[in-house]
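Listed below, chain by chain, are the residues.
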Amino acid sequence: MRQQARKGNQIVVWKRKENEEWINRFINCRIGEELAMGEINSDGLLDIVISGDWYEGAADVIRGRWEKHGYACWTPDAVVKLADMNKDGELDVVAAEMHQSPRKRVMIYLNMGEAVKWECQVIANTGSHNICVADIGNTGYLNIVGANWSGEYQPIEMWMQLPPKR
């Protein structure tokens, strides 16, 4: 869990104990919005992805060390999702800077192997307040759908991934 804006400088991890009591721990992070969880470095543990950083999952989520790794730089007001965008078996990061960002980029960070090397593709400069990654039209390729929420006109946009030319 993560709050927004100035309060968005901590990640809260919750775990349910055997007696059904919930305990938590706080992980300091860059100010911003949104987070995603997924297994991005092939170690079998869930990792946390926020802004341009990812936190390596700990076996003991409450007492263990969540090691921070930087991989990108964008405005803190960005939405982030995880999906295998290029079908190489690794989860990639899909991010969109929101309407208040000066650049308003929609980006895909391709995971080029165990979250050690990343390749950025900027696919739009219109930004988005929220995004969804899905195979629209059952083509076998993931697409990105999103919209901003401020201003006179907020179109719903779709960025389609086309099959490679043969």
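Figured I'd write up the structure that's included with this text. All residue numbers here refer to positions counted from 1 along the written sequence of the relevant chain. Whole-chain, interface and lining totals are the exception, using all residues; otherwise, since this is a predicted model, local features are given only for residues with pLDDT of at least 70 and side-chain atom pairs are given and counted only at 80 or more. Neither water nor hydrogens contribute to the side-chain values; these are computed over all heavy atoms in the structure.

1. Structural notes on the sheet that holds strand 10 (residues 118–124)
Here is step 1 of the chain: Here a strand pair is declared whenever DSSP counts at least two bridges between the two strands. Secondary structure is summarised from DSSP: a helix means a run of H or I of at least four residues, a strand means a run of E of at least two, and numbering begins at the N terminus for each. An order of 7-8-9-10 is seen for the 4 strands of this open sheet, with the pairing classed as antiparallel. The open sheet has two free edges, formed respectively by strand 7 (78–83) and strand 10, since each of these has just one partner strand. Between one strand and the next, the sheet's axes are offset by a mean angle of 20 degrees, whatever the strand orientation.
Here is step 2 of the chain: Where strand 7 lies against strand 8 (residues 92–97), 6 bridges are found, and the strand directions are antiparallel. Note on geometry: axes are C-alpha line fits, over the in-contact stretch for helices, and angles between N-to-C directions span 0 to 180 degrees.

2. A word on the nonpolar core
Here is step 1 of the chain: Nonpolar cores were defined as sets of buried Ala, Val, Leu, Ile, Met, Phe, Trp, Tyr and Cys residues, with membership established by side-chain atoms within 4.5 Å. Any residue under 20% of the maximum accessible area for its type is buried, any over 50% is exposed, and the rest in between are partly exposed; the area is computed with a 1.4 Å probe on protein chains only. Among the nonpolar cores identified, the biggest contains 16 residues, and Val49, Tyr71, Trp74, Val93, Tyr109 and Trp118 are the most heavily contacted of them.
Here is step 2 of the chain: The set of elements that each furnish at least two residues to this core consists of strand 7, strand 8 and strand 9 (106–111).
Here is step 3 of the chain: Per-element tally for this core: the top contributor is strand 7, with 3 residues.
Here is step 4 of the chain: Note on contacts: a residue pair is in contact if any heavy atoms of the two residues lie within 4.5 Å. Once residues lying within four places of it in the same chain are set aside, the contact partners of tryptophan 74 are Ser51, Gly52, Val93, Ala95, Glu97, Arg105, Met107 and Tyr109.
Here is step 5 of the chain: In this structure, Met85, Ala96, Met98 and Val106 belong to the second largest nonpolar core, which totals 13 residues.

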